[in-house]
Structure formats: C-alpha cells, structure tokens
Amino acid sequence: MNKKELNILLIRKLSGEISAKELNKLEMWINDSEENRQYMMKLEKAWSSIKAPQPKDMPDFEEFWQDFSHRLKEDEVKPAKSEYETLIRKKRPFSQFQLKVFRKPAFSYAFAVLLLISIGIFVLLNSLNQNHTIFYSTKYSEHKSLILPDGSTAFLNAGSQLSVMDFKDKRIVYLKGQALFNVLKNKGEFLVLTDNADIKVTGTKFDVKAREGKTRVVVEEGTVLLNAKSIGNSSSVAIHADQMSECYKNMNPTSPAFVNAKYINGWVNNSLIFEKNTLKEITNELQRQYNINIKIENSSLQNRPITGQFTNNQPIEDVLNAITLSLNAKYKKENNTFIIYQ
Amino acid sequence: MSENRSIIDEKELLKAIKNSDNNAFKELSEIYYKQLYGFIWRRIGDSETVKDILQDLFLNVWKLRHNLDEERPIKPYLFAAANNLIINYSKKKTFLRNNKVDLPQDGFLSNSSSSLEWEYYINDALLEIPENLKVVFMMNKFEGFKYAEIAEILRISEKTVESRMSKILKFLRKKYIHALKLLLLIFQFMIVFFAPLFVLKK
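Given the structure is predicted, the values throughout are model-derived calculations rather than measurements.

**Q** Is there a simple way to explain the overall build of chain A in this structure?
**A** If you tally the helices and strands in chain A, you get 10 helices and 18 strands. Per-residue burial for chain A yields a buried fraction of 41% across its 342 residues. Per element, the accessible surface of chain A, about 20,000 Å² overall, is 53% carbon and sulfur.

Below is the structure:
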C-alpha cells in the first residue's frame, strides 16, 4: 500500500466513509507496528477535537419566521415594479371588461363597430402625435450616432439597444448595452431606464453601460441621479462631473468615485479603454467590438485585472498579444475562436 | 425505523408545499433552519448577512415550490442553493473590494474584513486550511454529509472530494503538534507560577 492510498484510507476512516473491506485493509496496516497504532490514535484525537464553531446570536426560529413571513407577504403583494413596467401597464386595454360585454349578442355588433372606430381614432391620434416607440440597435463591431426627437444626441456602442419610449411630456429611453448621452437642457426631465436602475438627468453629458446585470454611469458634465430598482427613492445617488457609480440589482448604487470621464468615454472615438477591468469583462467587450469568439481556458485568469488602451482599428491579434503578454499567458486560434491559455 | 418515518413525513410535507400549504413550508423550514444557519454562518460570519441569505433561500424555495420533486431528498437541494447564494455574495464582496469602491458606511458590506467572526476566538489548525478544502471538510465534519452528497451539492466530482479530504490529513498532523505545544506551554506556565509558592511555603 503506497502513501497516497494509505492517506485516502485514513481520512475515509475518520470521516466515516470507509467500507468494511477497506477497514480490513487499514486494520492490517495498524497492526503492523506500534508506531502505526500511535499515529492512528493521534489522528483520531486531532479529528475529534475539532468542534464546529457555533453561531453566537442566532435568532430563534419563530423570530426568523416572523421576519421572513413579512418579506414573503411583501413579495407576493407587490412584486418589485420598475417605472418601465408601470408605464407599459397603463397602456394595456381592459380585456376582461370587453369579454363580458361581448357575451351578450345584442351588443356584440355595436361594440365591434365602436371598437373599429375607436381603433381608427387611436391610430390616427397616435400618428399625429408621433408618440410611438422608436427602436435603435447596433450589431457587433458597429457604432451608431443618434439624434433623439428632442435634439439630444446618443452615441450607441457595439451590441446595444436603445428604445425611445415617450418624448411628449417626459423624455424616456430604455437602454440595454452602452451609450454616451448628450442631453439638451431646459426641456424637462430625461430618464434612462436599464434592467436594474433608473437614471434621472436634466441636462448633461454622461455614459451609461448596462450589461450583465450591472449598470455603470460615468458623468462628463452636469449631474445625474442614479436610482436602483426595487429599493425605492431613498437609495438614489447623485453623480457629478468626472465621477462614476455602479449599481447591481437589489443593491444600492455605490457612492460616486472619481474618474477621468473623458478617458473612459473614449470609446466614442474608436478607442478601447480598460481600467482595472477583469479579463472576462475585456474579452466580452472585444467580442462585441470585433465580432469574434474568445474563450478563456484557465478560470484563474478570468478575474485578473488589466489596464490598457487600444484603438478599434488595431488588428485583434495586436490587442490579444498585448493582453496575453501582460498576463504571462498565450493565445491561439482554433476554428474562428481565439483561446487564451497559460 | 425513525429514519424511515421522517423520510415519509418529508414526502408528505413536500407534497403539501407543492400545493402552496404555508404551514407545511414553515414545518420544513424549521427542520433545516438551525443546520442551514450554522452552515452559512461558518462561511460568512456576519449574522445580518446570514439572515439575508437565509431569507433569500427560503423565498426562492417558496417561489419555485411547484418544481419541487418529492421523490428526491430536499436536504442536498437546500444546501446546494445555500452554497450558490454564499458564492454569489462573496463574488459581490470581492468585486467591490478589488475595485476599491467606497462602501456605504451603514451597509451590510461594511464588515468587509476578510476574516470571519468565529476565527477571532478559535485559534486552530482549521484556520490554515485553504478555503476550497475547508468547505468540503466542514460539510463532512460539521454537517455530516457523505462524499457523494458533497459532490452533488458543490457540483464537483466525487474524486475531487476524496482528494481534497485526503489533503486535510496534513492539517490534522499539524493540529496534533499544536496541541502538544500548548500543553507544554501550560506546563511551563504552571512551573513558573507555582514554583515560588512552594518555595515561600518552605
């Protein structure tokens, strides 16, 4: 029996995992010498002397359950509603009411005609008001410069979507991905909604990146209010020029940190800027910008922070060379996929 | 015999929970509350966070109650869910720390010191065990899981569990040496303190 096998048997004995056959084998070894017996005894003593640390102030179950039922009720009564969802809800027709009336045959024709007329009026009014949703999106390795209905501009990064929801009484856009906004002043509130945050501005220049469940706001000019969804108004954070804040779902936004906004927003001029971003984030960004596939072979590499600056028109091989060099890693190309390995 | 009975009871409980029986859900939660609390606490340490994680856990179970499978034991499922929540929480914490983001002063993340509460008052070979070995070890020693169950909960192979467990031996040996040293220290202490007493008596 070699040492590795012995170690496995010993720990199996201690952890109660040992089978009868294995126990036989181990006992033979123990009976081999007095030294072996002593060793086993010491191990058993050490094993049994380790006691589980017990939590100090564990609430008793009833107390915990009371808190929990409270939360359960809250969750069931009003599921976290974002401003975006309530906006959509308002436009939903009263389908149930219509069904009930339609059951009476005498009214059904009258209602059908009425419905047709009202739909006609609705469409007409809508087209007059021009109050419909406009949808913009960019493919991988594509940038777009947009002018919004009020004259504000938005510069859309690769692999992003922007819907312009309502510009009549309130300016509201919905963003998935990354965009740099330049909002005109004195036209009322401007709202940017993302999956996990609401961003409120009056007139300023700022960048929003809403990807992978995280929303990051970098402000270049003016002030922006960042508000996490489903926590309430109390958690909003004011971000001033040259500051940034990040926000995850169900968490308060981080308090603003000082950054060089012009530098971070450099992607507008076709440059890629990474400041202590993890390799995972960087490869995701490169996949969008170059429309390629990148795989990281060693998971230990994924969270390594990297700082650097590249331009979009630089060949991808140059960018990967620089990155892998700084990580002391290598890359290879296999059927249209770049693989980073160590 | 009693083991069998409790398995049948649990099946009934799970069936009732699937039919949205709140009382059955409470009963099941009470059975595993203490164990889950200890499990999470030993890895997170901060009791406020433990409560949050436990609430999230039970909330998820309740929301997904219609997908429960009463033919399979619920315990590994609960611990796997707890394990996932713990990992998510730790990821969030290390991200904030690595990026040197200012933490809110009153938020639960303000206790972001890397060591756990209990590590202050336990001075043990246990502390020197690397995190991934410690998780496996604690699940076997404190939670009483078999290798196969640990593998299922942590989504690793049984071989990996085996090899991690066998690495624990090294720390057990160290622990034994620790204990010897401590005994020696106490002995020296006693001699230094009590020797003058004896001398004075004479």
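**Q** How should I be thinking about the pairing of strand 8 (residues 205–211) of chain A in this particular structure?
**A** Remark: a regular strand shows side chains that alternate across the two faces of the sheet. Residues and elements named next belong to chain A. With 5 of 7 residues buried, strand 8 is to be regarded as a mostly interior element. As paired elements, strand 5 (residues 171–182) and strand 8 share 6 bridges and run antiparallel to each other. When the bridges of strand 8 are listed, Phe181 appears paired with Phe206. Pairing geometry for strand 8 and strand 9 (residues 214–221), over 7 bridges, is antiparallel. When the bridges of strand 9 are listed, Lys209 appears paired with Arg216.

**Q** How should the nonpolar core be read in this particular structure?
**A** Side chains that are nonpolar tend, in soluble globular proteins, to be buried together. In terms of nonpolar packing, the biggest core is built from 70 residues, with Leu36, Ile40, Leu54 and Leu172 of chain B touching the most fellow members. For Ile40 of chain B, the contacting residues outside a window of four places in its chain are Gly45, Val50, Ile53, Leu54, Ala82 and Ile86 of chain B. Leu162, Val173, Ala197 and Ile239 of chain A belong to the second-largest nonpolar core, a separate cluster that totals 28 residues.

**Q** Before we go on, may I ask you to explain the interface of chain B and chain A in this structure?
**A** By convention, interface size is frequently given as the accessible area that disappears when the constituent parts associate. Between chain B and chain A, the residue contacts involve 50 residues of the former and 45 residues of the latter. Applying the counting rule to chain B against chain A returns 3 salt bridges. Joining chain B to chain A, the criterion identifies 10 residue pairs in polar contact (both at pLDDT 80 or more). Looking at the side of chain B that touches chain A, the elements with two or more residues in it are helix 2 (22–44), helix 3 (47–63), helix 4 (74–98), helix 5 (131–141), helix 6 (147–154) and helix 7 (158–201) of chain B. When residues in the side of chain B that touches chain A are grouped by element, the largest group, 11 residues, is from helix 2 of chain B.

**Q** Just to check I follow, could you spell out the sheet that holds strand 18 (residues 337–341) of chain A for this structure?
**A** For sheets, the rule is that strands pair by backbone hydrogen bonds, running either parallel or antiparallel. All names here are of chain A. Strand order in the open sheet made by the 3 strands is 15-18-17, with mixed pairing throughout. A single partner strand is all that each edge strand has here, and the edge strands are strand 15 (293–296) and strand 17 (330–334). Between one strand axis and the next, the sheet turns through 25° on average, direction left out of account. Two elements, strand 17 and strand 18, share 5 bridges in a ladder whose sense is antiparallel. Bridging across to strand 18, Tyr331 finds its partner in Ile340. The sheet strands contacting helix 9 (residues 279–290) are strand 15 and strand 18, and the helix crosses strand 15 at an angle near 165°.

Analysis parameters
Residues numbered from 1 in each chain as written. Chains lettered and ligands numbered in written order. Predicted model: local features only at pLDDT ≥ 70, side-chain atom pairs only at ≥ 80, totals over all residues. Heavy atoms only, no water. Helix = DSSP H or I, 4+ residues; strand = E, 2+ residues; numbered from the N terminus. Buried < 20%, exposed > 50% of the residue type's maximum accessible area, 1.4 Å probe, protein only. Areas by Shrake-Rupley, 256 points an atom, 1.4 Å probe, with all protein chains shown as cover. Pairing = 2+ DSSP bridges. Core = buried A, V, L, I, M, F, W, Y, C linked by side-chain atoms within 4.5 Å. Contact = heavy atoms within 4.5 Å. Salt bridge = Lys/Arg side-chain N within 4 Å of Asp/Glu carboxyl O. Polar contact = N/O pair within 3.5 Å; in protein donor to acceptor, adjacent residues only side chain to side chain. Axes fitted to C-alpha atoms, helices over the stretch in contact; angles between N-to-C directions.

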